[in-house]
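# Overview (structure and organization)
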2 protein chains.
Amino acid sequence: MRRSIATVCLSGTLDDKLAAAAAAGFDGIELFENDLVVSPWSPAEVRSRCADLGLTIDLYQPFRDFEAVPARLDANLARASRKFDVMAGLGVDLMLVCSSVSPDAVDDDGLAASHLRLLATRAADRGMRIAYEALAWGRHVSTWDHSWRIVRQADHPALGLCLDSFHVLSRSTPVDGIADITPGRIFFLQLADAPRMRMDVLQWSRHHRLFPGQGSFDLPGFVGRVLDAGYTGPLSLEVFNDVFRQADPDRTAVDAMRSLVALEDLMGRGERLPAAPDLAGYAFTEFGVDGPAGSDLAKALAGLGFTLVGQHRSKPVQLWEEGGCRVVLNSAVVRPHATLSAVAVTSDDPRRSTARAAALKAPALPREHGPREADLTAVAAPDGTSVFFTSRGDAWRDDFLSTGDSAGDGAGLLAVDHVGLTQPFDHFDEAGLFYRGVLGLDRVTTEEYAAPFGLMRSRAYADAARRVRLALTVALLRRGEWAPAVAEPQHVAFATRDIFATAAAIGTPMLPVPDNYYDDLAARFALTDDLVDRLRRHGILYDRDASGGELFQLYTPIHGGRVFFEVVQRRGGYDGFGDANAPVRMAAHRHNRLDLPHPGAGGNRRR
Amino acid sequence: MRRSIATVCLSGTLDDKLAAAAAAGFDGIELFENDLVVSPWSPAEVRSRCADLGLTIDLYQPFRDFEAVPARLDANLARASRKFDVMAGLGVDLMLVCSSVSPDAVDDDGLAASHLRLLATRAADRGMRIAYEALAWGRHVSTWDHSWRIVRQADHPALGLCLDSFHVLSRSTPVDGIADITPGRIFFLQLADAPRMRMDVLQWSRHHRLFPGQGSFDLPGFVGRVLDAGYTGPLSLEVFNDVFRQADPDRTAVDAMRSLVALEDLMGRGERLPAAPDLAGYAFTEFGVDGPAGSDLAKALAGLGFTLVGQHRSKPVQLWEEGGCRVVLNSAVVRPHATLSAVAVTSDDPRRSTARAAALKAPALPREHGPREADLTAVAAPDGTSVFFTSRGDAWRDDFLSTGDSAGDGAGLLAVDHVGLTQPFDHFDEAGLFYRGVLGLDRVTTEEYAAPFGLMRSRAYADAARRVRLALTVALLRRGEWAPAVAEPQHVAFATRDIFATAAAIGTPMLPVPDNYYDDLAARFALTDDLVDRLRRHGILYDRDASGGELFQLYTPIHGGRVFFEVVQRRGGYDGFGDANAPVRMAAHRHNRLDLPHPGAGGNRRR
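An unreviewed UniProt entry annotates chain A as 3-dehydroshikimate dehydratase originating from Virgisporangium ochraceum. In UniProt, chain A has this text filed under Sequence similarities (unreviewed entry): "Belongs to the bacterial two-domain DSD family." UniProt annotates chain A under Function (unreviewed entry) with the comment "Catalyzes the conversion of 3-dehydroshikimate to protocatechuate (3,4-dihydroxybenzoate), a common intermediate of quinate and shikimate degradation pathways."

What follows is the structure, given as structure tokens:
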């Protein structure tokens, strides 16, 4: 299937947008009028530039407030005539006409049909066609079936429908009937996903659209019906999104292309992706550390019961282990702060995992290795994390020489429960689509919460067996000049069977938790005094879900300026991540860094 | 009147918030429960810290889902009892109970009243009181009059109302009846402004509240009625705002205090501000320039017909003049880019203007001056711009030695039409309140538009006589790593009586405007071919308002990396700023900087 993207999806001026769309492999574009208006290139020059880049111009859009505004019919036809001139220069033959929003528009289908027929006649005279679209907030025409009745009534070969998934799916109009639209009468298909939001539909549409797979709409179902109606045109993305409007267009275009590849796979149409292999869990997590951060993290791991079991054959890399948890400290990767530089997942078929990632436009990472070192394949995630695929055989461990020590029981840690990665502001939705698609995960939770330094959004993904869980977080607004929080913290959470035994093995609570938290916990959950005391003594955080599932959490301080560890115990099917406790943890981290004095204890130190 | 602020208005942990509230001069705080829960300070320590800072704790909030949830009454009373313990530690005697949102809440006013009466009895036993508040999205109780009926029915001296301007004014419930509430029964008053938005009221409340004077609500009218009902408690700000949640709390607290000072003045209660004197216009605008930027700007001014008429007696400062426009180039103020460092407005009473600014917490700027130099008073705006107040006598001109040249007709520029300042993201609403209050301006327009590199918001202010206009802009989202636009551009627009004569005097268009723009203009406005040709020839942008008022605009390129000039002609009462043309200007500036090649002209240069 041909893939197109509306220029309005991308930031920049037209030259930026065309280059980005071409580089990401799109076949064509929808030209948004404002992008042309501000360009110094003539229509013919734009046409020539697109041709050079291998892009077709599939649609010129939008033409507004045309139909059923009788007082302005002549002026509107004159306006259309000028736009046909522009289209001729561009070499594009299809114009989008969206349903009138003008207060002067008349509620008269017959009049609308006759106006559109007149416009289609003029278009046909120039070898052009008109695609009529019902805006979800159109004054009189706001549903796809209404626009289809008008198009049928107008009955002109140069007049057809434009269907936009947002306008259709944001309303409750049933979509089954789309499959019955006369073949050939859907002239154009625009795709956008979106989160479900309770707000004015116009604002929702203009600010919060997303690429397919990033929102909550049933895009496969919708597109399937359009294809059932015989549509053979491009799948074209039209996404108005505040973040994409100001993010690097080259990256947004790749994100957009990935969304279409994943959508086609979900629909079982077009090229299929290699199926996502089953995952057995996290094989290891790797931290890039410089000298001081390295010893800081090593000490933290030792405190959690880990043992240094291996030293890499050729690199300054240590392997720490406890139960099924392996942490690699890599001094060869040096960044300003300690960084969760890589995660490795055990795949039933690493080769297929890698092929799937490549098909989803994941950049492959070159991996240097010595003669006896495992040939791990890795791809780069949008947040810069390397993702390795390993086999069940753990061949990668041969890279390490044994220190002679072996991991004992430690503090009872069993395996990685989840990995938590704060995302760069511009790339949160991109990262979600990436990890979900590449690893074959489902979305588990989306939460928003007020943290001490601003609002946060958290979205978690996991495989069906809950062996690989991944929690992504992002600030709701990009951090500004006042940003005392840890910048983009990252963490690894380890599972334990008995949080109290683990806490006892660790000894003194690693991160002090306020007494006020426990007083509130007692009030909120009506826990027994004994349980609250035990939680308080060990600095364990607690959460409970609506079905009574429970989560227990222990945190370390921030290490290496950016990273921390968590220990969790899940009971009774708790499937979340304790987001309600995140502000407590974040404030505790801040106070721990500040060593905040107590009032009356002398000193008024602040920051 | 006592002034309080809810801790939820401010970013940071509790220690940050208390320090900021005290530094800004607040008398008290509302303690938001979550701020206490994450604090390592015990309630007694918080009490002690507040006492040290001179802050009272006026309210503990919120207690949720209490009334009319019969199945949980005992558990809720036990929960309240634990919160009373906390309040005793804090030394606060007033608890906010907001109307239930629980799906288990029953629609039974009698039951709600009896539950609240029971709670008030328990509170009274501890010497405490309950303020009951109708949330705008309460399940059964969502209006102030409904909450008042229940409080009357409960009839307990320890039970009264909390009125929150957002919950009241976001709904259409009439407010006149508030004045008839029994004196003494309004226990607490919370204030928030907000822009009118078409969205879910809970989301609107949680993300978009503003300080009084920054939104669209009639706060003076509302507060007046509450005071008429005999309310004598604090005016307390409770503002949930995504930006304030992550901005510097010290600055936010000052912004908050300014909003209360201005509100009390508007209401004619409490301390009155010195009235804003009439303004005669901009006396001068000053640019801070280093060497190269200085000659760049000097050349641009000469191109616009300005003459260098004065040299400062003691500083490397030039005075350029044309008609009533004066521009000062100051090489003593060196920043990375040329900067619109100061604006001077001619005030009928500079001393009173300064006193008003001081009362509105504007930081006064020290001004060094030599023996013959005018003693100009200046204050610092939130965006860093200095604001001078000068008298009609133009005494400040004595600071300059004449170059011997005098300003001729130049290109026909008459006076400064407006100044345009891009605001730092965190301080847009703060800046609006500041300029409006200090200069005594009204809000004229608020617009949002899609610019090439992201969405922009523009808000303009002017005095009633339209002698001082000021346009503030801000990116809707803070700029990120991909930010090819000019960072925070600034400009001065000069008025002309005849834009075509000015353009002819200037000669070649300074900033090329795309042909596509004129083609579109012809289609949009049905202008005569002759007019479009003249606009095109001179690179003049055009806008027309709904009443037929017209705006003509000419732009220079960006100078000194950040600033530009504009020439405008207004016809027929046009009162806006041509925001529809802003994206055209921004793209033109980008293309001008890039010297973008035309396709086929050889070369594929990009960025």
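The rest of the description comes next.
Moving on to the relation of the copies chain B and chain A. With an RMSD of 0.0 Å, the operation that places chain B on chain A is a rotation of 180° combined with a shift of 0.0 Å along the axis. As the rotation angle and translation indicate, the two copies are arranged about a two-fold axis. Closest approach to the rotation axis among the C-alpha atoms of chain B is made by Met 199 of chain B, whose C-alpha sits 2.0 Å away. Mapped onto chain A, 100% of the interface residues of chain B again fall at the interface, so both copies present the same surface.

Residue and element names in this part refer to chain A. If you check UniProt for "binding site: a divalent metal cation" (unreviewed entry), the listed places come out as Glu 133, Asp 164, Gln 190 and Glu 238 in our numbering. A compact arrangement is adopted by the annotated residues: their sequence extent is 106 residues, whereas the largest C-alpha distance between any two is 13.1 Å. Looking at the secondary structure, you find Asp 164 in strand S6 (residues 159-164). Among the polar contacts listed, one links the side chain of Asp 164 to the backbone nitrogen of Phe 166, at a separation of 2.7 Å. Relative to the helices and strands, Glu 238 is located in the loop between strand S8 (235-237) and helix H10 (249-267).

Before going further, it helps to examine the environment of Ser 42 of chain B. Within the secondary structure layout, Ser 42 of chain B lies in the loop between helix H2 (33-37) and helix H3 (43-53). As a C-alpha pair, Ser 42 of chain B and Val 86 of chain B span 44 residues in sequence and 9.0 Å in three-dimensional space.

Attention now goes to the packing of helix H3 (residues 43-53) of chain A against helix H4 (residues 73-90) of chain A. All names here are of chain A. The geometry of H3 relative to H4 is characterised by a closest axis approach of 7 Å and an angle of 35° between their N-to-C directions. Handedness of the H3/H4 crossing: right-handed. Facing H3, whose interface residues are Pro 43, Ala 44, Val 46 and Arg 47, H4 presents Val 86, Ala 88, Gly 89 and Leu 90. Looking at the contact of H3 with H4, its residues break down into 6 nonpolar, 1 polar and 1 charged.

Cut-offs used in this document
Residues numbered from 1 in each chain as written. Chains lettered and ligands numbered in written order. Predicted model: local features only at pLDDT ≥ 70, side-chain atom pairs only at ≥ 80, totals over all residues. Heavy atoms only, no water. UniProt positions renumbered as here; feature names shortened; annotations may be inferred. Least-squares fit on C-alpha atoms with pLDDT ≥ 70 in both. Contact = heavy atoms within 4.5 Å. Helix = DSSP H or I, 4+ residues; strand = E, 2+ residues; numbered from the N terminus. Polar contact = N/O pair within 3.5 Å; in protein donor to acceptor, adjacent residues only side chain to side chain. Axes fitted to C-alpha atoms, helices over the stretch in contact; angles between N-to-C directions. Left-handed = near helix turned anticlockwise from the far one by under 90°. Nonpolar A, V, L, I, M, F, W, Y, C, P; charged D, E, K, R; others polar.

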